[in-house]
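What follows is the residue order along each chain.
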Amino acid sequence: MTVDADALSQVLSAVDLRIGTARRERLAAGGLLPLARAGVTLIYVAEGELGTHQQLGLACRLKSDGAAFEPTGADAVRLSAGDAFLSFGRSEVALEAVDTAKVVIVDLELSDAAVRLTHDIPSTLAVYDFDAADPAAAALAAHMGIDDPAICQKRTGDLLVCRMMAKTVLLAVIRAWAMSDQAAAWPSRQGDPFLDRVIAAIHDEPGREWTVARLASVGAMSRSTFAERFRSVIGLSPAEYVTEVRIDAAKRMLHAGRSVSATSRDLGYGSDEGFRRAFRRRTGMSPSAWRTTSDELVLGRRDEQVPVGLPV
């Protein structure tokens, strides 16, 4: 199929993580690996085979020879070494080891904007022969996590590197799906190139002074037509969506160590106080408090779950 490369690149660039941690687990034959709801989980099979007896709905598979995804049935998912599996946590799924298996489990937390962008992707994806379809991403997946948490050492920059590695593998899996026939209407939400153009502009320049009139001109529509179509398709007003994108960008910038004032300026707010009010309305806390809480949350999870990418 023909994929709109610009649209795909735009959407993938907007998919971001707050947290990405990985661990390795060995499963004996018959061992279960439950994937809970409300959590995004990426599985890479390093050794052995896994299957599932759960109904996967719109789950898909992709072969490395370029064949399109095929819908999978209740007993059709069979994962072997080199395969990847992604669950967005919209339903409970349990994988079962067919024989002794070694898997890399990556627990992810998507940014708010990424959750909205990935809403149209099936709840579970099984990418067969992922190691052949994307050798570089598969090699990265194979080396995430460690077997013995006791040897884990904290190093400066681990959090950033861990999150970037997890993001790379996640995007590779999503890209494989997006280039299949099953994703013919994605990343376009409604096959509407005019709205897609507006969404792309907002994500490209979240700090620009976006008025309804300016956004409508980007989408080549009248103000009234644009406002009505945007809300009916996206579920938010244009102003609400711009704010959502800005606050997600602010979270990434603050977590990376940028100051509140610099973040406020870059995102187009007229004053630091105006930025603080918008951030508090969206998150329930000030930017500084959010950054402290976020760092503590990630550090706490890292102590419990092995960070991505530390040497084996």
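Residues numbered from 1 in each chain as written. Predicted model: local features only at pLDDT ≥ 70, side-chain atom pairs only at ≥ 80, totals over all residues. Heavy atoms only, no water.

*Asks:* I keep staring at the confidence of the model for the protein chain and nothing clicks. Help me out?
*Replies:* In low-pLDDT regions, the fine details of the predicted coordinates are not to be read closely. When pLDDT is averaged along the protein chain, the result is 76, and 71% of the positions lie at 70 or above. Contacts from residues 54–75, a stretch scored under 50 in pLDDT, to residues over four places away or in other chains number 59 contacts. Scored below 50 in pLDDT, residues 297–312 makes 53 contacts in the model with residues more than four places away or belonging to other chains. (pLDDT = per-residue confidence, 0-100. Contact = heavy atoms within 4.5 Å.)

*Asks:* Sorry, what's going on with unusual backbone geometry here?
*Replies:* Trans peptide bonds make up most of the peptide bonds, and negative phi angles are found at most residues other than glycine. The backbone of aspartate 129 shows a phi angle near 55°, a positive value even though the residue is not glycine. Within the secondary structure, aspartate 129 is located in the loop between β11 (124–127) and α3 (130–133). According to the relative accessible area criterion, aspartate 129 is partly exposed, its value standing at 34%. One non-glycine residue with positive phi stands out, namely alanine 220, at about 55°. You can see alanine 220 is positioned in the loop between α7 (212–218) and α8 (223–234). (Helix = DSSP H or I, 4+ residues; strand = E, 2+ residues; numbered from the N terminus. Buried < 20%, exposed > 50% of the residue type's maximum accessible area, 1.4 Å probe, protein only.)

*Asks:* What is the right way to look at helix α11 (residues 272–283) in this model?
*Replies:* Each full turn of the α-helix corresponds to 3.6 residues, which orients residues three or four apart in the same direction. The end-to-end C-alpha separation of α11 is 16 Å, in line with the 16 Å expected for twelve residues at 1.5 Å each. For α11, every residue scored as buried is listed here: Gly274, Phe275, Ala278 and Phe279. Along the axis of α11, the buried positions cluster into a sector of 130°, meaning they face one direction only. Two residues or fewer after α11 comes glycine 284, characterised by a positive phi angle close to 85°. (Expected span 1.5 Å × (residues − 1). Arc of directions from axis to C-beta.)

*Asks:* Please clarify how the sheet that holds strand β2 (residues 32–35) should be interpreted in this entry.
*Replies:* For sheets, the rule is that strands pair by backbone hydrogen bonds, running either parallel or antiparallel. Ordered in space as β2-β9-β4-β7, the four strands form an open sheet in which the pairing is antiparallel. The open sheet has two free edges, formed respectively by β2 and β7 (78–80), since each of these has just one partner strand. Strand-to-strand twist across the sheet, computed as the mean angle between neighbouring axes with direction ignored, equals 25°. When β2 meets strand β9 (residues 93–97), the two strands line up antiparallel, connected through four bridges. Following the sheet pairing, proline 34 is matched in β9 by alanine 94. (Pairing = 2+ DSSP bridges. Axes fitted to C-alpha atoms, helices over the stretch in contact; angles between N-to-C directions.)

*Asks:* Please explain the pairing of strand β8 (residues 84–87) as it appears in this structure.
*Replies:* Look at any regular strand and the pattern is simple: side chains alternate between the two faces of the sheet. Going residue by residue along β8, you find Ala84 and Leu86 tucked away on one face and Phe85 and Ser87 tucked away on the opposite face as well. Bridge count for strand β3 (residues 40–47) against β8 is four bridges, and the pairing is antiparallel. Residue pairing for β8: threonine 41 is matched across the bridge by serine 87. Pairing analysis gives four bridges linking β8 to β11, with the strands arranged antiparallel. Counted as the bridge partner of phenylalanine 85 is alanine 126 from β11.

*Asks:* Would you mind showing me how to read the packing of helix α6 (residues 193–204) against helix α9 (residues 238–255) here?
*Replies:* The packing of two helices is summarised by the inter-axis angle and the distance between the axes. At a closest axis distance of 10 Å, the pairing of α6 and α9 adopts a crossing angle of 40°. Relative to α9, the element α6 is oriented oblique. Judged by the sense of rotation from one axis to the other, the crossing of α6 with α9 is right-handed. Contacts between α6 and α9 involve Ile199, Ile202 and His203 from the first element and Tyr241, Val242 and Val245 from the second. Across the contact of α6 with α9, the residue classes break down as five nonpolar, one polar and no charged. (Parallel < 35°, antiparallel > 145°, perpendicular 65-115°, else oblique. Left-handed = near helix turned anticlockwise from the far one by under 90°. Nonpolar A, V, L, I, M, F, W, Y, C, P; charged D, E, K, R; others polar.)

*Asks:* Mind showing me how you'd approach the pattern of salt bridges here?
*Replies:* Pairs can form between side chains of opposite charge whenever their charged atoms are close. Counted according to the given criterion, the structure contains seven salt bridges. A salt bridge links arginine 175 to aspartate 134, with the nearest nitrogen and oxygen atoms 2.6 Å apart. Residue arginine 175 is located in helix α5 (residues 158–178), and its partner aspartate 134 is located in the loop between α3 and α4 (135–142); the two are separated by 41 residues in the primary sequence. Note that glutamate 205 and arginine 208 form a salt bridge whose closest N and O atoms lie 3.7 Å from each other. Assessed through its relative accessible area of 35%, arginine 208 is described here as partly exposed. Several salt bridges converge on common partners, so that one network encompasses Arg23, Glu25 and Asp107. (Salt bridge = Lys/Arg side-chain N within 4 Å of Asp/Glu carboxyl O.)

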